[in-house]
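Architecture at a glance
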Amino acid sequence: MLKRLWKISDAAQSELFLHLQRFPPNPKTLTTTPSANTTNSYQSIVNLFAHRSSRTTTKPSELYMEVSQLKDELLRKNDDRDEIVRVLEDKGGSLFLSDSDGSTLVQLLKQLRSSPTLGIEVLNWRRKQERCGIPMTSDEYAHGITVAGRTNNVDLALELFKEAANRQIKTTSTYNALMGAYMSNGFAKKCQQLFRDLKRDANCCPTIATYNILISVFGRLMLVDHMETTFREIEDLNLSPNVSTYNNLIAGYITAWMWDSMERTFRILKAGSVKPSLKTYLLMLRGYANSLNLEKMEEMYKLVKHNVNLNEIPLIRAMVRAYCGSSDKNRVEKIEALLRLIPKKEYRPWLNVLLIRVYAQEDLLEKMEKSINVAFQHNTSVATVGLMRCIITSYFRCNEVDKLAKFIKRAECAGWRICRSLYHCQMVMYASQKRLAEMERVLDVMENFNMERTRKTHWILYNAYLICGQKHKAEQVIGMMYKRGYEISLDAFPS
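The written sequence of each chain sets the order in which its residues are numbered from 1. Restriction of local features to residues with pLDDT of at least 70 applies here, the model being predicted, together with a cutoff of 80 or more for giving and counting side-chain atom pairs; totals for whole chains, interfaces and linings are based on all residues. Just so you know, side-chain values use all the structure's heavy atoms and leave hydrogens and water out.

Definition in use: UniProt positions are given in the numbering used here, feature names are shortened, and annotations may be inferred rather than shown by experiment.
The name given to the chain in an unreviewed UniProt entry is Pentatricopeptide repeat-containing protein, with the source organism recorded as Rhododendron griersonianum. The UniProt entry for the chain carries the following comment under Sequence similarities (unreviewed entry): "Belongs to the PPR family. P subfamily."

As structure tokens, this is what we get:
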């Protein structure tokens, strides 16, 4: 029986970090002579490729700057495909052709990470050069597969993988890229099948990156046992887990709401030679928010506050949700401080509903009504009886029957959940102010919504008439209750 993740001995843990196995690629240089019938538009580029030299004299920093300039030019032409091709031919040709390992395309695709659609345009242009006799490298294929996956084009990712396989330059990196594309697009079974194919491939071996993808797949599916078994296999192969390994484990435990396992993984990571990354702290912040562990959530937030405030709006919403579900005495102030960091265009119906509940619980009537108005403006429909009762209870405690009446009418028109409690509360509040005529009109509204009078409805009427000194009407209500078969205490009869 396989040992569980948390039973790894200290000696075994140390061994993981001492036996990192690397699988360096075996680059191949393929040079072909362009055919005579190559089109004129590509002839000069083909000729350059026929004599392309190694980028041994170009420093990585210089390559980065040159590619960065090309990237900026492409982004300015992002909406015009023809202009993109022109820029690539005029300004990117010599840059692409001066290397033999595909580093230019790889670097450009990395820099275009935030614009994957443009990355696909660059990749398509590069593939045309490949058809002209200028072969792509395995690294170019791997990064192309990754970009295809990020644009949800799994068919293109598979096509690129098969091209690399047919040219016999398939590597572990191309396997990993396709596994990642399958993973990010929800094809878990295909990802696992490809992993099995990789293990059977005599020319390739799984790396820690391969197992990281597999752990992520199982984590997303909440297959915790499979996820932990995969981690054990990493140990058996003497592969050293990296920070992505632990991040994927933590993410899996968060998905499965296994908070203790999440924290144990974090402690193991901090105690080892691999140190947590920014992503690790962001994951832990989300985990603490989801588990309503406010103390640790606030501690983690302090560590990554600057980054979260600038770049992590979903995490801010998660923290707001945590405060909404807490009993923190300062929760409203903390919630509103976080809300100021969220752009107004970032409206989320579920978050606005939570705010309505919080303000109602705190009897902050003005803020509650403001959030209710926002919900009406965005056509957000409330379908839970619990929230409706929370709202009317706030109106009741604040003794605002007219505002309650207005809210009920708007809720009726907007299709919100309507229940007897709304009308019973309204009747009680009208009765307390001796506004019997308006109370009786509520009964007509109930009939319009096919709500029959219950025992509670009659008791509200009875007590209302009794308080207002209308003994005759109170006796009529007792008669109606007898007629309907309701049990009545003798103490209920007016003296």
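Having seen it, we continue.
Structural notes on the overall build of the chain
Under the convention used in this document: Numbered from the N terminus, helices here are DSSP runs of H or I no shorter than four residues, and strands are runs of E no shorter than two. Throughout this description, buried means an accessible area under 20% of the type-specific maximum (1.4 Å probe, protein chains only), exposed means over 50%, and partly exposed covers the range between. Contacts are residue-level and defined by heavy atoms, with any inter-residue pair within 4.5 Å sufficient.
In terms of helices and strands, the chain carries 26 helices and 0 strands. Looking at the chain as a whole, 46% of its 495 residues are labelled buried. Here the contacts in the chain between residues at least 6 apart in sequence split such that 65% fall between residues at least 24 apart.

Section: the pattern of salt bridges
Side chains bearing opposite charge may pair, as long as their charged atoms lie close to each other. Our working definition: The rule for a salt bridge is simple: a side-chain nitrogen of Lys or Arg has to be within 4 Å of a carboxyl oxygen of Asp or Glu.
Overall, the coordinates contain 25 salt bridges when judged by the stated rule. The residue E362 makes a salt bridge to R331 at a minimum N-O spacing of 3.1 Å. You can see E362 sitting in the loop between α19 (349–361) and α20 (365–377) and its partner R331 sitting in helix α18 (residues 331–339), a full 31 residues away along the chain. Overlapping salt bridges bring together K77, E83, R86 and D90 as one network.

Quick word on helix α10 (residues 188–200)
Heads up, the condition is: An expected span of 1.5 Å times one less than the residue number is assigned to each helix.
The terminal C-alpha atoms of α10, which comprises 13 residues, lie 19 Å apart, in line with the 18 Å expected from a rise of 1.5 Å per residue. Those residues of α10 hidden inside the fold are in contact with α8 (154–166), α9 (172–184), α11 (208–220) and α12 (224–236).

What about the packing of helix α7 (residues 138–150) against α9?
Axis angle and axis distance: for two packed helices, these are the angle between their axes and the distance between the axes, and together they describe the pair. Filter applied, for reference: Between N-to-C directions, angles cover 0 to 180 degrees, with each direction set by a line fitted to C-alpha atoms, over the stretch in contact for helices. Relative orientations are named as follows: roughly parallel for angles under 35 degrees, roughly antiparallel for angles over 145 degrees, roughly perpendicular for angles from 65 to 115 degrees, and oblique for any other angle. Note on residue categories: nonpolar means Ala, Val, Leu, Ile, Met, Phe, Trp, Tyr, Cys or Pro, charged means Asp, Glu, Lys or Arg, and polar means any other residue, Gly included.
At a closest axis distance of 8 Å, the pairing of α7 and α9 adopts a crossing angle of 0 degrees. On the basis of the axis angle, α7 is roughly parallel to α9. For the pair α7 and α9, contact is made by S138, Y141, A142, I145, T146 and G149 and by S173, T174, A177, L178, A181 and S184, respectively. The residue inventory of the contact of α7 with α9, partitioned by class, reads 6 nonpolar, 6 polar and no charged.

Here's the deal with the UniProt feature "repeat: PPR" (unreviewed entry) in the chain
Summarizing the sequence annotation, UniProt attributes the feature "repeat: PPR" (unreviewed entry) to residues 207–241 and 242–276 in the numbering used throughout. Overall, residues 242–276 shows 74% helix and 0% strand. The separation of its end C-alpha atoms is 10 Å.

A word on helix α23 (residues 420–432)
Taking 1.5 Å per residue, 13 residues should reach 18 Å; α23 reaches 18 Å between its end C-alpha atoms and fits that length. Along α23, the positions that sit buried rather than exposed are L422, Y423, H424, C425, Q426, M427, M429, Y430 and A431. Buried residues in α23 make contact with α21 (385–397), α22 (401–414), α24 (436–448) and α25 (455–467). In the segment just after α23, K434 is the residue with positive phi, at about 60 degrees.

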